[in-house]
Structure formats: C-alpha cells, structure tokens
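# Inside the fold
Next come the chains, spelled out residue by residue.
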Amino acid sequence: QVQLVESGGGLVQAGGSLRLSCAAFGRTFSRYAMGWFRQAPGKEREFVAVISASGGNKYYADPVKGRFTITRDNAKNTVYLQMNSLKPEDTAVYYCAASSRAVVTTNIVDFNSWGQGTQVTVSS
C-alpha cells in the first residue's frame, strides 16, 4: 500500500487554471502507473488521466483532452495534474490513485491506493 496526499484544489472561474499535486509515501513510486479520477455530486467516480510508471505514456478521458496534462516527478514521488481552460462541468472532488501495474490503465479496479480527494469548484 501507499499513502497518497493531494493538494492544490480550490475555487476558480471558468477559463482559469489549477494544478493539483499528489505526494506518495510508502511504496516505490516509480514502479507504478498513477492516475487521477474525479467524482461530482450524485455521479460515479470517473477516470480523468493516467501516466505510466516511467512517465512515457499518458492517456486522457475525452472531456479533458487538450485541457489537462498529467506529469510525474519520480525523484519527488509526486504526480501532477495541470488543468487549464476549466469549465463548470469540471467541478468535482479529484482523487489521486496508484495502480498495481506499471503500464497505463483506465480501469478503476487496477488502482489499489487512493488519496483523500481535493475539491475543485469552477464558477461560471
């Protein structure tokens, strides 16, 4: 297991930007893919982005392609989500998750460690 601590959420106007960070503790960070998910009120948790263990492969959900960028710094055991051109429909609690696999996956069942979540609110 690994402990994940997110930060960087907040309130922003539509069109603005935020950068989320997720620090990992307790497991060899560089061996596993990392992902971001989000959950809006009354909706199921959904995939946002994933990055492979090496950082060489990334995959995004269609609603965020071209606006969000996932990166990782294995020396700092941290994964980031840069969110630009934010829209009100991006409002949700954002969760960082560690996969049990090194390669990219969008299947939520492949992620076995989760952070506590950070709220992102985009006003219109």
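The structure we're discussing is the one just above.
Below: a short report on this structure. Small disclaimer: the values here were computed from a predicted structure and weren't measured.

### A short note on the nonpolar core
Of all hydrophobic cores here, the largest spans 34 residues; its most connected members are Met34, Trp36, Val79, Leu81, Met83 and Tyr94. Discounting chain neighbours no more than four positions away, the residues touching Val79 are Leu20, Ser21, Cys22, Phe29, Met34, Trp36, Ile51, Ile70, Thr71, Arg72 and Cys96.

### Looking at the side chain of Arg67
Relative to the elements of secondary structure, Arg67 occurs in the loop between strand S6 (58–60) and strand S7 (68–73). Taking relative accessible area as the criterion, Arg67 reaches 11% and is therefore assigned buried. A distance of 3.0 Å separates a polar atom in the side chain of Arg67 from the backbone oxygen of Ser85. With near-sequence residues (within four places) excluded, Arg67 lies in contact with Gln82, Met83, Asn84, Ser85, Leu86, Lys87 and Asp90.

### Here's the deal with empty space enclosed by the protein
Enumeration over the complete set of coordinates arrives at 1 cavity of 30 Å³ or more. The calculated volume of the largest cavity comes to roughly 40 Å³. Around the largest cavity sit Val2, Leu4, Ala24, Arg27, Thr28, Phe29, Tyr32, Met34 and Ala98, which together line it. A breakdown of the residues in the lining of the largest cavity according to their chemical character gives 7 nonpolar, 1 polar and 1 charged.

Conventions and cut-offs
- Residues numbered from 1 in each chain as written.
- Predicted model: local features only at pLDDT ≥ 70, side-chain atom pairs only at ≥ 80, totals over all residues.
- Heavy atoms only, no water.
- Core = buried A, V, L, I, M, F, W, Y, C linked by side-chain atoms within 4.5 Å.
- Buried < 20%, exposed > 50% of the residue type's maximum accessible area, 1.4 Å probe, protein only.
- Contact = heavy atoms within 4.5 Å.
- Helix = DSSP H or I, 4+ residues; strand = E, 2+ residues; numbered from the N terminus.
- Polar contact = N/O pair within 3.5 Å; in protein donor to acceptor, adjacent residues only side chain to side chain.
- 1 Å grid on protein atoms, 1.4 Å probe; cavity = no way out; pocket = protein on both sides within 12 Å on 5 of 7 lines; lining within 4 Å.
- Points joined across faces, edges and corners; volume = space filled by probe spheres on them.
- Nonpolar A, V, L, I, M, F, W, Y, C, P; charged D, E, K, R; others polar.

Taken by themselves, the reported measurements are silent on function.
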